[in-house]
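Topology and contacts: notes
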Protein chains: 2
Amino acid sequence: MDCLEALTGRRGVLRYDPRPVARAEIEAVLAAAIAAPSPANLQPWAFVVVTQPELTRPLARYLLDVQDEKVFQAFLGLRPEETERYLGLYEQFEAAPCFIVVCLEPKAQFALVEHEAVLRDWSLMCLGAATGNLMAAAHARGLGTRWFGGFVLDDGGRMLKEWLGIPVEVEIAAVTPLGYPADATPIRPRVPQTREELAAFRRSDQPALARLLKGKLPVEEVVHFERWNGGSLHVHL
Amino acid sequence: MDCLEALTGRRGVLRYDPRPVARAEIEAVLAAAIAAPSPANLQPWAFVVVTQPELTRPLARYLLDVQDEKVFQAFLGLRPEETERYLGLYEQFEAAPCFIVVCLEPKAQFALVEHEAVLRDWSLMCLGAATGNLMAAAHARGLGTRWFGGFVLDDGGRMLKEWLGIPVEVEIAAVTPLGYPADATPIRPRVPQTREELAAFRRSDQPALARLLKGKLPVEEVVHFERWNGGSLHVHL
């Protein structure tokens, strides 16, 4: 698939077909992930690929439970009766045949300890780039993904770490299912949204949640040419 | 260009042709950037696109000065006479006709203040995904990029913020040039590297710097199937 088409056409997939993903396909998306740009060549990533049903199903269940309790209720402030509507969207989520757990595993050691905060920021950006590459590659191969991060609200995803034997010093940064989408629906167009709508994304204004989660700020809202808000140039050489 | 080819074939470009990049090309790479996955739909990005030579040249000079003083010398521990070799690689860097400054501008407000650290982590991953998308799209269009982050070591890149009128509450996360590569060199193959080599990336072991910056851990080093280091399964339901 054409690169720009894959990058702009990817959408999060919630409903999966149970059909397994061939090992070669999994390896292709991981090769794209580790080819991501990595400032200072940190390569701070590690991936755990889970395909055994005795592990994928409890893992999926865990992600949904955390999504309900920690994200929908505690984080976004939805009432329990409101979360049902959103959980309904995940009806075929547990059928996903594969999950990829993206971890932060520092590899390089640097000279100055005071740079540790900077290194962590860069490492998180590397992990985002790797996850984005993985998702674009998956979409190009006809596979769906969806970024989960809410498990960090459950003590850094301690159940996942325990199940998968992930060492204490390694952080889990993101989890995504990997599988063929259950529905061959066409790509939904992005709903344009305003800055005010996005800012209203809080406890007191929940009816628009679904819309908020699908919407997209127009490019003009986030791109500035030459200077922030087009101000005049003031370069002091 | 094919998506997987673009994702895996991208390399950082240091030497640029001064030929300008058409506005439509800049917009295409930005469209790919904002199509990046964004957990909880945070869309925490903003981009400043700089094309005016009176600004691109001091910006390039600033990046190189910081790279020398703050990254090569302070961060990596190179001696000043050693940095010349690396700075020589940037000979045609200042010719780059465009720079894109990737910023962290939070847009959503959430219910719980104690989630702010989580939001910043997620936002950094979003910015990494957007920067990765931008770089893959650029490569697919024949354009070069290179991730710069070292300016944060100079008080968060305060010169950039001042020149570009970036508000105090907005962080600069990354900067990349965007332009046609000066050399039509074929893609360098990745040099395989070991975990030990990468870990040696510190003050006391500099001769291997160039190699370390180009090398790549093999996929087997960073991918675990079913369980970290292939341990046995222990799922407690």
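These remarks concern the structure in this document. Small disclaimer: the values here were computed from a predicted structure and weren't measured. (Residues numbered from 1 in each chain as written. Chains lettered and ligands numbered in written order. Predicted model: local features only at pLDDT ≥ 70, side-chain atom pairs only at ≥ 80, totals over all residues. Heavy atoms only, no water.)

1. Comments concerning a positive patch on the surface
- On the surface, a cluster of positive charge is made up of Arg85(A), Arg188(A), Arg190(A) and Lys214(A).
- By the secondary structure assignment, Arg190(A) is in the loop between strand 3 (171–177) and strand 4 (191–192). (Patch = residues over 30% accessible without salt bridge, like charges linked within 9 Å, V, L, I, M, F, W, Y side chains within 5 Å. Areas by Shrake-Rupley, 256 points an atom, 1.4 Å probe, with all protein chains shown as cover. Salt bridge = Lys/Arg side-chain N within 4 Å of Asp/Glu carboxyl O. Lys, Arg positive; Asp, Glu negative; His and termini not counted. Charge placed at Lys NZ, Arg CZ, Asp CG, Glu CD. Helix = DSSP H or I, 4+ residues; strand = E, 2+ residues; numbered from the N terminus.)

2. Some points on the interface of chain B and chain A
- Facing 104 residues of chain B, the contacting portion of chain A comprises 104 residues.
- Approximately 9100 Å² of surface area, both sides summed, lies buried where chain B meets chain A, with 65% of it carried by carbon and sulfur atoms.
- When the buried area of chain B at its contact with chain A is split by residue, Phe75(B), Glu226(B) and Trp228(B) rank highest and sum to 10% of it.
- Arg120(A) is the salt-bridge partner of Asp121(B), the closest N and O atoms lying 3.1 Å from each other.
- Our enumeration of links across chain B and chain A arrives at 38 residue pairs in polar contact (both at pLDDT 80 or more).
- Broken down by element, the side of chain B that touches chain A gets its largest block of residues, 16 residues, from helix 5 (residues 116–140) of chain B.
- In the side of chain B that touches chain A, the residues fall into 68 nonpolar, 18 polar and 18 charged. (Contact = heavy atoms within 4.5 Å. Buried area = accessible area lost by both parts, 1.4 Å probe. Polar contact = N/O pair within 3.5 Å; in protein donor to acceptor, adjacent residues only side chain to side chain. Nonpolar A, V, L, I, M, F, W, Y, C, P; charged D, E, K, R; others polar.)

3. Examining the sheet that holds strand 1 (residues 45–50) of chain A
- Read across the sheet, 4 strands follow the order 3(A)-2(A)-1(A)-6(B) without closing on themselves; strand pairing throughout is mixed. Edge positions in the open sheet fall to strand 3 of chain A together with strand 6 (223–225) of chain B, since each of these has one partner strand only. If you compare each strand with its neighbour and ignore which way they point, the axes differ by 20° on average.
- The pairing of strand 2 (residues 99–104) of chain A with strand 3 of chain A spans 6 bridges and is classified as antiparallel. Paired with Val101(A) across the two strands is Val175(A), which belongs to strand 3 of chain A.
- With respect to the sheet, helix 2 (residues 23–34) of chain A is in contact with strand 1 and strand 2 of chain A together with strand 6 of chain B, its orientation differing from that of strand 1 of chain A by roughly 165°.
- Along the sheet, helix 3 (residues 53–75) of chain A contacts strand 1, strand 2 and strand 3 of chain A; its crossing angle with strand 2 of chain A, the most-contacted strand, is approximately 65°. (Pairing = 2+ DSSP bridges. Axes fitted to C-alpha atoms, helices over the stretch in contact; angles between N-to-C directions.)

4. Considerations on the pattern of salt bridges
- Applying the stated criterion across every chain yields a total of 23 salt bridges over all chains.
- A salt bridge links Asp65(A) to Arg61(A); the shortest N-O distance between them is 3.3 Å. Taken together, the residues Asp65(A) and Arg61(A), both in helix 3 and 4 residues apart, mark about one turn of the helix.
- You can call Asp65(A) partly exposed: its relative accessible area is 34%.
- Accessibility expressed as a relative area gives 37% for Arg61(A), which makes it partly exposed.
- Linking Asp154(B) and Arg158(B) is a salt bridge whose minimum nitrogen-to-oxygen distance equals 4.0 Å.
- You can call Asp154(B) buried: its relative accessible area is 12%.
- Here the salt bridges share partners, and the residues they tie into one network are Glu105(A), Lys107(A), Arg195(B) and Glu221(B). (Buried < 20%, exposed > 50% of the residue type's maximum accessible area, 1.4 Å probe, protein only.)

5. Regarding the relation of the copies chain B and chain A
- For the pair chain B and chain A, the relating rotation is 180°, the translation along its axis is 0.0 Å, and the fit reaches an RMSD of 0.0 Å. The two molecules are tied by a two-fold rotation axis, judged by turn and shift.
- Looking at the interface residues of chain B, 100% of them are also at the interface in chain A, so both copies use one shared face. (Least-squares fit on C-alpha atoms with pLDDT ≥ 70 in both.)

6. A closer look at the nonpolar core
- Counting 168 residues, the largest nonpolar core has Phe47(A), Ile100(A), Val175(A), Phe47(B), Ile100(B) and Val175(B) as the members making the most contacts within it.
- With residues up to four places along the chain from it excluded, the contact list for Phe47(A) reads Leu30(A), Ala33(A), Ile34(A), Ile100(A), Val101(A), Val102(A), Ala130(A), Leu134(A), Val222(B), Val223(B) and His224(B). (Core = buried A, V, L, I, M, F, W, Y, C linked by side-chain atoms within 4.5 Å.)

7. Regarding the packing of helix 5 (residues 116–140) of chain A against helix 5 of chain B
- Helix 5 of chain B packs onto helix 5 of chain A with a crossing angle of 55° between their chain directions and a minimal axis gap of 6 Å. When the axes of helix 5 of chain A and helix 5 of chain B are compared, the pair comes out oblique. As helix 5 of chain A packs across helix 5 of chain B, the resulting crossing turns out to be right-handed. Only Arg120(B), Asp121(B), Leu124(B), Met125(B), Leu127(B), Gly128(B), Ala129(B) and Gly132(B) of helix 5 of chain B make contact with helix 5 of chain A, whose side of the interface consists of Arg120(A), Asp121(A), Leu124(A), Met125(A), Leu127(A), Gly128(A), Ala129(A) and Gly132(A). (Parallel < 35°, antiparallel > 145°, perpendicular 65-115°, else oblique. Left-handed = near helix turned anticlockwise from the far one by under 90°.)

8. Topic: empty space enclosed by the protein
All names here are of chain A.
- Taken as a whole, this structure holds 1 cavity of 30 Å³ or more when the rule is applied.
- Roughly 30 Å³ of internal volume is contained in the largest cavity.
- Every residue along the wall of the largest cavity is listed here: Arg11, Arg188, Pro189, Arg190, Val191 and Lys214.
- Residues belonging to the lining of the largest cavity are distributed by class as follows: 2 nonpolar, no polar and 4 charged. (1 Å grid on protein atoms, 1.4 Å probe; cavity = no way out; pocket = protein on both sides within 12 Å on 5 of 7 lines; lining within 4 Å. Points joined across faces, edges and corners; volume = space filled by probe spheres on them.)

9. Notes on helix 5 of chain A
All names here are of chain A.
- Taking 1.5 Å of rise per residue, the 25 residues of helix 5 would be expected to cover 36 Å, and the 36 Å separating its terminal C-alpha atoms lies within 8% of that figure.
- For helix 5, the tally of buried residues reaches 22 of 25 residues, placing the bulk of the element in the interior.
- Just downstream of helix 5, Gly142 is the residue with a positive phi angle, here 80°. (Expected span 1.5 Å × (residues − 1).)

10. Looking at the packing of aromatic side chains
All names here are of chain A.
- Throughout the structure, instances matching the rule amount to 8 aromatic pairs over all chains.
- Seen from their ring centres, Tyr16 and Phe93 are 6.4 Å apart, and the 65° between their planes marks the pair as edge-to-face. Of this pair, Tyr16 sits in the loop between helix 1 (3–9) and helix 2 while Phe93 sits in the loop between helix 4 (80–88) and strand 2, and the two are 77 residues apart along the sequence.
- The exposure class assigned to Phe93 is buried, which follows from its relative accessible area of 0%. (Phe/Tyr/Trp six-rings, centres within 6.5 Å; stacked < 30°, edge-to-face > 60°.)

11. Quick look at the pairing of strand 1 (residues 45–50) of chain B
- Across the 6 residues of strand 1 of chain B, 6 count as buried, placing the element largely inside the fold.
- Residues Trp45(B), Phe47(B) and Val49(B) point to one face of strand 1 of chain B and Ala46(B), Val48(B) and Val50(B) to the other, with burial holding for every one of them.
- In this sheet, strand 1 of chain B lies alongside strand 6 (residues 223–225) of chain A in parallel orientation, the contact comprising 3 bridges. Across the sheet, the residue bridging to Phe225(A) is Val49(B), located in strand 1 of chain B.
- Looking at chain direction, strand 1 of chain B and strand 2 (residues 99–104) of chain B are connected through 6 bridges and run antiparallel. Looking at the pairing, Phe47(B) lines up with Val102(B) of strand 2 of chain B.

12. Some words on a negative patch on the surface
- Together, Asp2(A), Glu5(A), Asp2(B) and Glu5(B) line one region of the surface with negative charge.
- Here Glu5(B) shows up in helix 1 (residues 3–9).
- Under the relative-accessibility criterion, Glu5(B) is labelled partly exposed at 46%.

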